[in-house]
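Residues per chain are reported as follows:
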Amino acid sequence: MEKLLSDMALLYQKFRNYHWNVTGPGFMQLHKFLEDEYDALAEEVDEVAELVRMKGEKPLSTYKEFLANARLKEGDKDKSKDEMVQELIKDYEQLLGYLKQEFNGDVKTEDLLTGIIARVEKSIWLMRASL
Ligand SMILES: [Fe+2]
């Protein structure tokens, strides 16, 4: 769960980065979409971290720990709108793989991850359609 939590925390900030810095046609809609995504990620990061606590462990909690453990890469604010969207699609596709790797037979864990997977799959579709 440590790497998954780190990847999701990194993506939260990456969506904020692109929410702040994206420019170009369709700006208003994309700006709002990216906000919806980081709001969803903020909630999911919290749920994953609390699941770790419920298992009696302490979750990674600092930027330093997240950066050291994340497999995904931070955003570059100077990319074009389409480059940003394409990169976020790739990140979400990788995240889907990481989410599926965490399935462990525990009902609570699988229920949480299944909900995140369904949301991420829909967001990938929405981003693809916007290109
Ligand atoms: Fe904002």
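For clarity, every value in this text was computed on a predicted model and none was experimentally measured. (Residues numbered from 1 in each chain as written. Predicted model: local features only at pLDDT ≥ 70, side-chain atom pairs only at ≥ 80, totals over all residues.)

On to the overall build of the chain, then. What the chain contains, in helices and strands, is five helices and zero strands. A globule of 131 residues ought to have a C-alpha radius of gyration of about 14 Å, and the chain, at 15 Å, matches this closely. Each principal axis of the C-alpha atoms in the chain carries an extent, and together these give about 45 × 30 × 20 Å. Out of the 131 residues in the chain, the part that is buried amounts to 26%. Considering only contacts in the chain between residues 6 or more positions apart, those separated by 24 or more positions represent 75%. (Helix = DSSP H or I, 4+ residues; strand = E, 2+ residues; numbered from the N terminus. Rg over C-alpha atoms; globule rule 2.2 N^0.38 Å. Buried ≥ 20, exposed ≤ 12 C-beta atoms within 10 Å, placed from the backbone. Contact = placed C-beta atoms within 7 Å.)

What follows covers the nonpolar core. Soluble, globular proteins show a tendency: their nonpolar side chains are buried together. Core analysis: the biggest nonpolar cluster contains 27 residues, and Leu5, Met8, Ala9, Leu11, Tyr12 and Val45 have the highest contact counts within it. Taken together, the elements giving at least two residues each to this core come down to helix H1 (2–21), helix H2 (27–54), helix H4 (81–101) and helix H5 (107–129). Top element by residues in this core is H1. It accounts for nine residues. Not counting the four nearest positions on each side in its chain, methionine 8 is found in contact with Leu41, Glu44, Val45 and Val48. (Core = buried A, V, L, I, M, F, W, Y, C linked by C-beta atoms within 7 Å.)

Two elements in contact, H2 and H5, have axes whose closest approach is 11 Å; the angle formed by their N-to-C orientations is 165°. For the element pair H2 / H5, the angle class is roughly antiparallel. Between H2 and H5 the crossing geometry is left-handed. Note on element contacts: H5 touches H2 through Lys108, Thr109, Leu112, Ile116, Arg119, Ser123 and Leu126, opposite Phe33, Glu37, Ala40, Glu44, Glu47, Val48 and Leu51. (Axes fitted to C-alpha atoms, helices over the stretch in contact; angles between N-to-C directions. Parallel < 35°, antiparallel > 145°, perpendicular 65-115°, else oblique. Left-handed = near helix turned anticlockwise from the far one by under 90°.)

Turning our attention to the environment of serine 123. Mapped onto the fold, serine 123 is located in helix H5. Overall, the presence of 19 C-beta atoms within 10 Å leaves serine 123 in the partly exposed class. Spatially, the C-alpha atoms of serine 123 and phenylalanine 33 are 9.1 Å apart, while their sequence positions differ by 90 residues. Beyond its immediate stretch of four places on either side in the chain, serine 123 contacts Glu37 and Tyr92.

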